[in-house]
Amino acid sequence: MDAKIINHFLTEGVNAFQSMFGIAPQAKEPHILDIHAGHSWEISGLLGITGDVKGVVAFRLHKTLAGKMLALSGLECKPEEYEDTTIGLVSEFTNIISGHAVSAIKDYSIDISPPFCVMGHNHIIAWPKNYPVIGIPFSTTYGPFEVDVCFK
């Protein structure tokens, strides 16, 4: 996997948080995920990558951070719409990070699919089995998040 691709997702994760929410995340050392190990993430925004590079991108976080993002976004919602609005925000944020990263990648022709969310403690993502999944962790004052990428 081309490290330049990972760096674009790292940069765009930081830029999006700063510009949209005024939160300055701190990037931590990228690592290879053990796709069989459990995790503590409660929400994963997912999208597919196609073109010269194929794979999956996941924006993973806890409900506490998602709630803070919603509050800082200025979006208003009724209590009965809170979960759907949060899912929509996480999906769109995943789309923004990925869209900006893909636009910055000049060496490849890449397209992205519409995003969707998976929720629940220790939910399972069916990652491609033949390629490594790189986790790019971040910390914020409101909790951690991670951008995971798996490309062929």
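Bear in mind the structure is a predicted one, so any value in this text is a computation, not a measurement. (Residues numbered from 1 in each chain as written. Predicted model: local features only at pLDDT ≥ 70, side-chain atom pairs only at ≥ 80, totals over all residues. Heavy atoms only, no water.)

A.B. asks: So what's going on with the pairing of strand β8 (residues 145-151)? Which residues, and what values?
C.D. replies: For β8, a buried count of seven out of seven residues is recorded, marking the element as mostly surrounded by other parts of the structure. What you see with β8 is no split at all: Phe145, Val147, Val149 and Phe151 on one side and Glu146, Asp148 and Cys150 on the other are buried throughout. Alignment of strand β4 (residues 55-61) against β8, held across seven bridges, turns out to be antiparallel. What sits directly across from Arg60, in β8, is Glu146. As judged from the five bridges shared by strand β7 (residues 134-139) and β8, these two strands associate in the antiparallel manner. Among the inter-strand pairings, Ile134 is bridged to a residue of β8, identified as Val149. Once β7 ends, the chain turns through five residues before running back antiparallel as β8, passing Gly143 with a positive phi of about 125°. (Buried < 20%, exposed > 50% of the residue type's maximum accessible area, 1.4 Å probe, protein only. Helix = DSSP H or I, 4+ residues; strand = E, 2+ residues; numbered from the N terminus. Pairing = 2+ DSSP bridges.)

A.B. asks: Account for the layout of surface pockets, naming residues and giving values.
C.D. replies: The computed volume of the largest pocket comes to approximately 230 Å³. Residue lining of the largest pocket: 15 residues in total, with Asp34, Ile35, Ala37, His39 and Arg60 positioned closest to the centre. Residues belonging to the lining of the largest pocket are distributed by class as follows: seven nonpolar, five polar and three charged. (1 Å grid on protein atoms, 1.4 Å probe; cavity = no way out; pocket = protein on both sides within 12 Å on 5 of 7 lines; lining within 4 Å. Points joined across faces, edges and corners; volume = space filled by probe spheres on them. Nonpolar A, V, L, I, M, F, W, Y, C, P; charged D, E, K, R; others polar.)

A.B. asks: Would you mind going over a negative patch on the surface in detail, with residue names and values included?
C.D. replies: Taken together, Glu80, Glu81, Glu83 and Asp84 make up a surface patch of like negative charges. Tracing the backbone shows Glu80 in the loop between α2 (63-73) and α3 (82-104). Take Glu80: its relative accessible area is 62%, and that puts it in the exposed class. (Patch = residues over 30% accessible without salt bridge, like charges linked within 9 Å, V, L, I, M, F, W, Y side chains within 5 Å. Areas by Shrake-Rupley, 256 points an atom, 1.4 Å probe, with all protein chains shown as cover. Salt bridge = Lys/Arg side-chain N within 4 Å of Asp/Glu carboxyl O. Lys, Arg positive; Asp, Glu negative; His and termini not counted. Charge placed at Lys NZ, Arg CZ, Asp CG, Glu CD.)

A.B. asks: Talk me through empty space enclosed by the protein; I want residue IDs and the actual numbers.
C.D. replies: A full pass over the atoms with the stated rule returns one cavity of 30 Å³ or more. Of the voids in this model, the largest cavity is the one considered here, and its volume is about 30 Å³. Ile5, Phe9, Ile49, Val53, Val102, Ile105, Ile110 and Phe151 together form the lining of the largest cavity. The residue inventory of the lining of the largest cavity, partitioned by class, reads eight nonpolar, no polar and no charged.

A.B. asks: Explain the pairing of strand β3 (residues 43-51) to me, and be specific about the residues and the numbers.
C.D. replies: Burial analysis of β3 places seven of its nine residues in the buried class, the great majority of the element. In this antiparallel pair of consecutive strands, β3 and β4, the connection spans three residues. For β3 and strand β6 (residues 116-119), the ladder comprises four bridges, and the chain directions are antiparallel. Opposite Leu46, over in β6, you have Phe116 as the bridge partner.

A.B. asks: Can you lay out the packing of α2 against α3 for me, pointing to particular residues and giving the numbers?
C.D. replies: Closest axis-to-axis distance for the α2/α3 pair is 10 Å, and the angle between their directions is 90°. Classed by the angle they form, the pair α2 and α3 counts as roughly perpendicular. Contacts from Ala66, Gly67, Met69 and Leu70 in α2 reach Tyr82, Thr85, Thr86, Leu89, Val90 and Phe93 in α3. Of the residues belonging to the contact of α2 with α3, the class tally is seven nonpolar, three polar and no charged. (Axes fitted to C-alpha atoms, helices over the stretch in contact; angles between N-to-C directions. Parallel < 35°, antiparallel > 145°, perpendicular 65-115°, else oblique. Contact = heavy atoms within 4.5 Å.)

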